[in-house]
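# Summary of the model geometry
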Amino acid sequence: MGGSNEALILVVEDDPAVRNLVATALEVNGYEHKEVSHATAALLELTSCPNISLVILDLGLPDRDGVEVIETLRGWSQTPVIVLSARQEDTDKIAALDAGADDYLTKPFSVNELLARVRVALRRTAQGSTGAQPCVSTYENGPLTIDYEAGIARIQGEEVHLTPMEYKLLVLLSRNTGKVLTHNYILKEVWGSALASDLPSLRVFMATLRKKLEAKAPGAALIQTHVGIGYRMVRAEDSL
């Protein structure tokens, strides 16, 4: 997949070996990129270079925590952020995602997996779907179509009968396609609060929603579960 991509990617990583690995993978695949090793330098690049399309960010930086970088960036920009972290704890991943990261990979990671996540994040940017899409009245993703105005979801043209809560969850996931949504984020958006006591209900609704979608399109795994973290709607071509 050589050639030239329009995207400019900022790699923020203080480990030279990892930074070199990521940079080489991006170069080979035709992505233009910049590299920095500190949070301060990253924020300087992001404020002075508005055409950065994506940030690949290590959480354990020498001068500031990566989560702080995400929170600061989200003050003025919705540029997608993929977190690279050696931290295995779910709490660290959740903190980064709740701060506004779009995705995460835990070190050591597969280069192919990183490139796949890069493509997903850039596709979201190209489609202008980094946030809610109030202007779009219909959504299409492989066998799934949602008519937002009519409040109807269809799989391969056939209506899927959803409860109001299942439909709300489906709409939230579809409007954030490609982005990992944490349990807390979903509970706040759909339930209006992030009470731990609501989490079992969320899991039940998600299980029934997936069952209904997959009953009409077996093998179309459009909703991914990130165990202990949350859920993500993937593009049909990315779930194959």
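### Observations concerning the overall build of the chain
Secondary structure summary: the chain contains eight helices and twelve strands in total. Its C-alpha atoms give the chain a radius of gyration of 18 Å, near enough to 18 Å, the size a compact globule of 240 residues would have. Counting only C-alpha atoms, the chain reaches 50 × 45 × 30 Å along its principal axes. Taken over 240 residues, the chain has a buried fraction of 49%. Expressed as a percentage of contacts within the chain between residues at least 6 apart in sequence, the contacts between residues at least 24 apart total 62%.

### Observations regarding the pairing of strand E2 (residues 32–36)
The pairing of strand E1 (residues 8–12) with E2 spans five bridges and is classified as parallel. Across the sheet, residue Ile9 finds its bridge partner in E2, namely His33. Taken together, E1, helix H1 (residues 16–28) and E2 constitute a β-α-β crossover, and its handedness is right-handed.

### Structural notes on the sheet that holds E1
As summarised here, the arrangement of the five strands in space is E2-E1-E3-E4-E5, forming an open sheet in which the pairing is parallel. At either end of the open sheet lies a strand with only one pairing partner, and these are E2 and strand E5 (103–106). Averaged over all pairs of adjacent strands, the angle between strand axes in this sheet comes to 20°, irrespective of strand direction.

### So, the packing of helix H7 (residues 183–191) against helix H8 (residues 199–216)
Between H7 and H8, whose axes approach to 11 Å, the crossing angle comes to 85°. One element, H7, and the other, H8, form an angle in the roughly perpendicular class. Here H7 contributes His183, Ile186, Leu187 and Trp191 to the contact with H8, which in turn contributes Leu199, Ser201, Leu202, Arg203 and Phe205.

### Quick word on the side chain of Glu166
When you line up the elements, Glu166 lands in helix H6 (residues 164–174). Here the side chain of Glu166 touches Thr208 through a polar contact of 2.8 Å, side chain to side chain. Polar side-chain contacts of Glu166 include one of 2.7 Å to the side chain of Lys212. Among all residues touching Glu166, those that are not within four sequence positions of it are His161, Phe205, Thr208, Leu209 and Lys212.

### Concerning the sheet that holds strand E7 (residues 144–147)
Spatially, four strands are ordered E6-E7-E8-E9 in an open sheet, and the strand pairing comes out antiparallel. One side of each edge strand has no neighbouring strand; the edge strands of this open sheet are strand E6 (138–141) and strand E9 (158–160). Between one strand axis and the next, the sheet turns by 25° as a mean value, whatever way the strands run.

### Quick notes on the confidence of the model for the chain
The share of residues in the chain with pLDDT of 70 or more is 92%, and the mean pLDDT across the chain is 88. For residues 129–134, every residue scores under 50 in pLDDT, and the model assigns this stretch eleven contacts once sequence neighbours within four places are set aside.

### Some details on the packing of H6 against H7
Their axes nearest at 10 Å, the elements H6 and H7 cross at an angle of 125°. Taken as axis vectors, H6 and H7 run oblique relative to one another. Handedness of the crossing formed by H6 with H7: right-handed. For the pair H6 and H7, the contacting residues are Met165, Lys168, Leu169 and Leu172 in the first and Tyr185, Ile186, Glu189, Val190 and Trp191 in the second.

How each quantity is defined
- Residues numbered from 1 in each chain as written.
- Predicted model: local features only at pLDDT ≥ 70, side-chain atom pairs only at ≥ 80, totals over all residues.
- Heavy atoms only, no water.
- Helix = DSSP H or I, 4+ residues; strand = E, 2+ residues; numbered from the N terminus.
- Rg over C-alpha atoms; globule rule 2.2 N^0.38 Å.
- Buried < 20%, exposed > 50% of the residue type's maximum accessible area, 1.4 Å probe, protein only.
- Contact = heavy atoms within 4.5 Å.
- Pairing = 2+ DSSP bridges.
- Right-handed = clockwise from strand over helix to strand, strands pointing away.
- Axes fitted to C-alpha atoms, helices over the stretch in contact; angles between N-to-C directions.
- Parallel < 35°, antiparallel > 145°, perpendicular 65-115°, else oblique.
- Polar contact = N/O pair within 3.5 Å; in protein donor to acceptor, adjacent residues only side chain to side chain.
- pLDDT = per-residue confidence, 0-100.
- Left-handed = near helix turned anticlockwise from the far one by under 90°.

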